[in-house]
Amino acid sequence: MSDVFKESFDIEAGDFASAGEASAKIKSILRMIGIDPALTRRVTIASYEAELNMIIHSLGGVMSVEISPDAIALFCKDIGPGIADIDMAMQEGYSTASSDVRMMGFGAGMGLPNMKRNSDEFSILSDTNGTRLNMRFSII
Ligand SMILES: Nc1ncnc2c1ncn2[C@@H]1O[C@H](COP(=O)(O)OP(=O)(O)OP(=O)(O)O)[C@@H](O)[C@H]1O
Ligand SMILES: [Mg+2]
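Asker: What's the story with the side chain of Ser 64 in this structure? I'm lost.
Answerer: If you trace the backbone, Ser 64 turns up in strand β2 (residues 61-68). A polar contact of 2.8 Å, which involves the side chain of Ser 64, links it to the side chain of Ser 8. If we skip the residues at most four places from it in the chain, Ser 64 touches Glu 7, Ser 8, Ala 73, Leu 74 and Phe 75.

Rendered as structure tokens:
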């Protein structure tokens, strides 16, 4: 028997109707197993931002959550154009979102900075084939 719980969610590009579903499921899993509400909130904010970025900016991908006794990890892997300048993308307020996307309330350029702020470890790798994002949240 393993003490690591894993679950993966497919994220479809442009699927605004399902936006937030994966992070809502992650939130309910964390609640159900009794993870501290403040930690659950940080993970949920980060997973929501990552999910939306895949819907808006990528051609689709997978978000996985891994829960072990000492940490929660989020792994996001998408295919798509990738991020040309990661340093720029990490800056608050930087966004390439279209005006249509902005009209839906996205595109403030706050997603990546929020993920970094809310996670204990954050790493991002991106090239013209897609983006990989790993986040780790320590338990206790
Ligand atoms: N998975 C991704 N694939 C390709 N580009 C991405 C991806 N995630 C982020 N980006 C690029 O990085 C920029 C900054 O992302 P960030 O999440 O900080 O802001 P945003 O998505 O534009 O706006 P907000 O998250 O506030 O709605 C995006 O505008 C986009 O250019
Ligand atoms: Mg975003």
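Asker: So what exactly am I meant to see when it comes to the site of ligand 1 here?
Answerer: Contacts to ligand 1 come from 19 residues, most closely from His 57, Ser 95, Thr 96, Gly 107 and Met 110. Contacts to ligand 1 include Asp 78, whose side-chain N or O atom sits 2.8 Å from a nitrogen atom. Between ligand 1 and Leu 112, the relevant distance is 2.9 Å, taken from an oxygen atom to a main-chain nitrogen or oxygen of the residue. Within the complex, 94% of the 590 Å² of free accessible area of ligand 1 lies under protein. Listing elements by their share of the shell around ligand 1, those giving two or more residues are α2 (37-57) and α5 (111-118). In terms of residue class, the shell around ligand 1 is made up of eight nonpolar, nine polar and two charged.

Asker: Sorry, what's going on with the nonpolar core here?
Answerer: The nonpolar side chains of soluble globular proteins are, as a tendency, buried together. Ile 72 and Met 135 are the most contacted members of the largest nonpolar core, which totals 28 residues. Looking at this core, the elements that each hand over two or more residues are β1 (5-11), α1 (21-32), α2, β2, β3 (71-79), α5, β4 (121-127) and β5 (130-138). Ranked by the residues each element gives to this core, the list is headed by α2, at six residues. When sequence neighbours within four positions are dropped, the list of residues in contact with Ile 72 reads Leu 30, Ile 35, Leu 39, Val 43, Val 65, Glu 66, Ile 67, Met 135, Arg 136, Phe 137 and Ile 139.

Asker: How should the sheet that holds β5 be read in this particular structure?
Answerer: The strands that make up a sheet are held in pairs by hydrogen bonds between backbone atoms, and each pair lies either parallel or antiparallel. Ordered in space as β1-β2-β3-β5-β4, the five strands form an open sheet in which the pairing is antiparallel. With one partner strand each, in any of the chains shown, β1 and β4 form the two edges of the open sheet. Within the sheet, the average angular offset between the axes of one strand and its neighbour, ignoring direction, is 10 degrees. The pairing of β1 with β2 spans seven bridges and is antiparallel. When the sheet's bridge partners are listed, Ile 11 is paired in β2 with Gly 61.

About the criteria used
- Residues numbered from 1 in each chain as written.
- Chains lettered and ligands numbered in written order.
- Predicted model: local features only at pLDDT ≥ 70, side-chain atom pairs only at ≥ 80, totals over all residues.
- Heavy atoms only, no water.
- Helix = DSSP H or I, 4+ residues; strand = E, 2+ residues; numbered from the N terminus.
- Polar contact = N/O pair within 3.5 Å; in protein donor to acceptor, adjacent residues only side chain to side chain.
- Contact = heavy atoms within 4.5 Å.
- Near = heavy atom within 4 Å.
- Areas by Shrake-Rupley, 256 points an atom, 1.4 Å probe, with all protein chains shown as cover.
- Nonpolar A, V, L, I, M, F, W, Y, C, P; charged D, E, K, R; others polar.
- Core = buried A, V, L, I, M, F, W, Y, C linked by side-chain atoms within 4.5 Å.
- Buried < 20%, exposed > 50% of the residue type's maximum accessible area, 1.4 Å probe, protein only.
- Pairing = 2+ DSSP bridges.
- Axes fitted to C-alpha atoms, helices over the stretch in contact; angles between N-to-C directions.

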